[in-house]
Amino acid sequence: MFKKILIANRGEIALRVIRACRELGIKTVAVHSEADTRALHVRFADEAVCIGPPQAAKSYLNIPAIISAAEITAADAIHPGYGFLSENAEFARLCAKCKITFIGPTPEAMRAWGDKVTARENAKKFGLPLLVGSPVLKDAQHAIEEAKRIGFPVILKASGGGGGRGMRVVRSESEVADAFGSATREAEAGFKNPDVYAEKYVERPRHIEFQVFADNHGGIWTFGERECSLQRRHQKVMEEAPSPAMSPEKRQEMGEVIRKAIRETGYTSLGTLEFLMDESKNLYFLEMNTRVQVEHPVTEMVTGLDVVKLQIGAAAGEKIELPDTRPWSFRGHAIECRINAEDPKTFAPWPGLITEYSPPGGAGVRVDSGVYGGWRVPSDYDSLLAKVIVHAPTRAEAIVRMRRALDEFIVGGIRTNIELHKRLLMDDEVIRGEMTTRTIERLLAAG
């Protein structure tokens, strides 16, 4: 097992990794920008190194600075968290070159699955269902030709990343050129990779993802699925596990296909395969995220697993001992709400001083957060403040528990999206478990 791990991230995910390391008896190193000097992950780590100014490109995306921090603190591994460099194959390669273990898949596996176009080719090869799509688009004219071939509406998507960045829905030929330009610029800014491709756009889909895990000794597991349909502008807002749309038979069928794909590509570590489900409950492969997900806690709550500890153990070369359950059996139901610092009407980020902070608690409530009262939310990073996760025996009880938890959550001095979550949990479509990726858009249009 590793003696010291550097966490190349910030906020709640950095704290999440620090907690797992503490329980495993591993020392930790936090890296931080000048804006995060007083951040909780800096306070709670055993050591901390400042790696640059507030801008992410000069700090949390600064590969030489991060590797230098690992070397001067004698860290033998780096955990990238999610976002930033977590799916950067070149970063993983440089870690290996410097004899520092990257806690994640190999650079080769990351390229095979992390690039969305290559991942689609793998999916087709191993029998995962696909929507009609295109290769990487060369220019605006190529984008127009491919969009017409696929048939409108289409969605342009960044090849090198996810999280809603570099995505544009296009409904007519006249919109393609502008959408292509803005998507490529956003992809370059977010992932240092301007490549985008086109895919058939499904109007009212559900978004369902499967958690997979593999060690270096041939062990491969799927830990079931998560429902991630409640999104705004392709950004997830609320997640749950299991999905109310998934049957045990479909779960088992998908688990077998996914395990085959993982085995054939030699993938190890945590990974998440994302799918769209149409109104006939057909699933279509979207992409694979080769890292820990923001919403991993709902899987942990319904399986009793600590997926971050599993990820660290696999990277250290341990043979993971888990039941060969096909599919994994769930215990109850879990829901996660992402609490963002943003204006509740315009959804613009809302940085500033948190004057009061009192998170919810009680039976079945977990809060993953990196903030506290007196902390100033910087304007340089993602607006996520906290994740509220609840667990209960049934979905109906989990909804009631989440309503109660949100009523208890106090954040003073800044604005948040807590009221949006409360509205969602009172919405008939959500209560029935029939939400789609258009649910929030409908709710907001209603006023």
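Residues numbered from 1 in each chain as written. Predicted model: local features only at pLDDT ≥ 70, side-chain atom pairs only at ≥ 80, totals over all residues. Heavy atoms only, no water.

Time to look at the overall build of the protein. A tally of regular secondary structure across the protein gives 15 helices and 20 strands. For the protein, the C-alpha radius of gyration of 21 Å lies close to 22 Å, the compact-globule estimate for 447 residues. Classification of the 447 residues of the protein by burial places 59% in the buried group. Considering only contacts in the protein between residues 6 or more positions apart, those separated by 24 or more positions represent 66%. (Helix = DSSP H or I, 4+ residues; strand = E, 2+ residues; numbered from the N terminus. Rg over C-alpha atoms; globule rule 2.2 N^0.38 Å. Buried < 20%, exposed > 50% of the residue type's maximum accessible area, 1.4 Å probe, protein only. Contact = heavy atoms within 4.5 Å.)

Turning our attention to empty space enclosed by the protein. This model, assessed by the stated rule, comprises 1 cavity of 30 Å³ or more. Looking at the largest cavity, its volume works out to about 30 Å³. For the largest cavity, the full set of lining residues is Pro-80, Gly-81, Ser-86, Phe-102, Ile-103, Gly-104, Pro-105, Thr-290, Arg-291, Val-292 and Gln-311. Split into classes, the residues belonging to the lining of the largest cavity amount to 5 nonpolar, 5 polar and 1 charged. (1 Å grid on protein atoms, 1.4 Å probe; cavity = no way out; pocket = protein on both sides within 12 Å on 5 of 7 lines; lining within 4 Å. Points joined across faces, edges and corners; volume = space filled by probe spheres on them. Nonpolar A, V, L, I, M, F, W, Y, C, P; charged D, E, K, R; others polar.)

Moving on to the layout of surface pockets. In this structure, the second largest pocket occupies an estimated 210 Å³ of space. Lining of the second largest pocket is provided by 14 residues; of these, Thr-101, Phe-102, Gly-104, Pro-105 and Thr-106 occupy positions nearest its centre. Counting only elements with at least two residues in the lining of the second largest pocket, the list comes to α4 (89-97), β5 (101-102) and α11 (307-315). Grouping the amino acids of the lining of the second largest pocket by side-chain chemistry returns 8 nonpolar, 6 polar and no charged.

Time to look at the packing of α4 against helix α5 (residues 107-114). With their axes 8 Å apart at the nearest point, α4 and α5 run at an angle of 175 degrees to one another. As the angle between them shows, α4 and α5 are arranged roughly antiparallel. Touching Ala-89, Glu-90, Ala-92 and Arg-93 of α4 are Pro-107, Met-110 and Arg-111, all from α5. Residue composition of the contact of α4 with α5, grouped by class: 4 nonpolar, no polar and 3 charged. (Axes fitted to C-alpha atoms, helices over the stretch in contact; angles between N-to-C directions. Parallel < 35°, antiparallel > 145°, perpendicular 65-115°, else oblique.)

Looking now at the environment of Pro-129. Examined against the element boundaries, Pro-129 turns out to sit in the loop between α6 (116-125) and α7 (140-150). Residue Pro-129 is classed as partly exposed on the basis of its relative accessible area of 28%. Separated by 155 residues in sequence, Pro-129 and Tyr-284 have C-alpha atoms that sit 4.9 Å apart. For Pro-129, the contacting residues outside a window of four places in its chain are Leu-283, Tyr-284 and Phe-285.

Let us look at the packing of aromatic side chains. We describe a pair of aromatic rings using the distance from one ring centre to the other and the angle between the two ring planes. As enumerated under the stated definition, the model contains 10 aromatic pairs in all. A ring pair is formed by Tyr-60 and Phe-84, whose centres lie 5.1 Å apart and whose planes are at 20 degrees; its orientation type is stacked. In this pair, Tyr-60 sits in the loop between β3 (47-52) and α3 (63-72) while Phe-84 sits in the loop between β4 (77-79) and α4, placing the two residues 24 residues apart along the sequence. For the pair Phe-213 and Trp-221, a centre-to-centre distance of 5.8 Å together with 25 degrees between the ring planes defines the contact as stacked. Taken together, Trp-113, Phe-210, Phe-275 and Phe-285 form an aromatic cluster joined through their ring pairs. Lying over the aromatic face of Tyr-372, Arg-43 brings its terminal NZ or CZ to 4.6 Å of the ring centre. (Phe/Tyr/Trp six-rings, centres within 6.5 Å; stacked < 30°, edge-to-face > 60°. Lys NZ or Arg CZ within 6 Å of the ring centre and 35° of its normal.)

A word on the state of the cysteines. Enumeration over the complete set of coordinates arrives at 0 disulfides. Of all cysteine sulfurs, the one in Cys-337 lies closest to Cys-228, which takes part in no disulfide; the gap is 13 Å. By relative accessible area, which is 0% here, Cys-228 ends up buried. (Disulfide = S-S within 2.5 Å.)

Looking now at the pattern of salt bridges. Following the criterion strictly, the structure yields 37 salt bridges and no others. Arg-366 is paired through a salt bridge with Glu-300; the nearest N and O atoms lie 2.9 Å apart. Separated by 66 residues along the polypeptide, Arg-366 in strand β17 (residues 365-369) and Glu-300 in helix α10 (residues 296-303) bring together distant segments of the chain. Across the pair, exposure class does not vary: Arg-366 and Glu-300 are buried alike. When salt bridges with common partners are traced through the structure, they connect Glu-209, Arg-226, Lys-236, Glu-239, Glu-274, Glu-295 and Arg-338 into a single cluster. (Salt bridge = Lys/Arg side-chain N within 4 Å of Asp/Glu carboxyl O.)

Turning our eyes to something else, we now look at the pairing of strand β10 (residues 220-232). Counting buried residues in β10 gives 13 out of 13 residues, a clear majority hidden from the surface. The sheet contact formed by strand β9 (residues 206-214) and β10 spans 6 bridges and is antiparallel. By the bridge assignment, Phe-213 is partnered in β10 with Trp-221. As defined by bridge partners, β10 adjoins strand β11 (residues 235-241) across 4 bridges and the pair is classed as antiparallel. Looking across to β11, one finds that Glu-227 is bridged to Glu-240. The antiparallel hairpin formed by β10 and β11 contains 2 residues in its connecting segment, where Arg-233 sits at a positive phi of about 50 degrees. (Pairing = 2+ DSSP bridges.)

The next point concerns the sheet that holds strand β14 (residues 333-340). On the basis of which strands lie adjacent, the open sheet formed by 8 strands has the order β13-β12-β9-β10-β11-β14-β19-β17 and antiparallel pairing. Whereas interior strands pair on both sides, the edge strands pair on one side only; in this sheet they are β13 (283-289) and β17. Adjacent strand axes in the sheet meet at a mean angle of 25 degrees when their direction is disregarded. The pairing of strand β12 (residues 269-277) with β13 spans 6 bridges and is antiparallel. By the bridge assignment for β13, Leu-273 is matched with Met-288.

Quick look at the side chain of Ser-159 now. Note that Ser-159 resides in the loop between β6 (154-158) and β7 (168-170). Ser-159 gets classed as buried once you look at its relative accessible area, which sits at 0%. Setting aside residues no more than four positions away along its own chain, Ser-159 makes contact with Gly-114, Asp-115, Lys-116, Val-117, Asp-195, Val-196 and Tyr-197.

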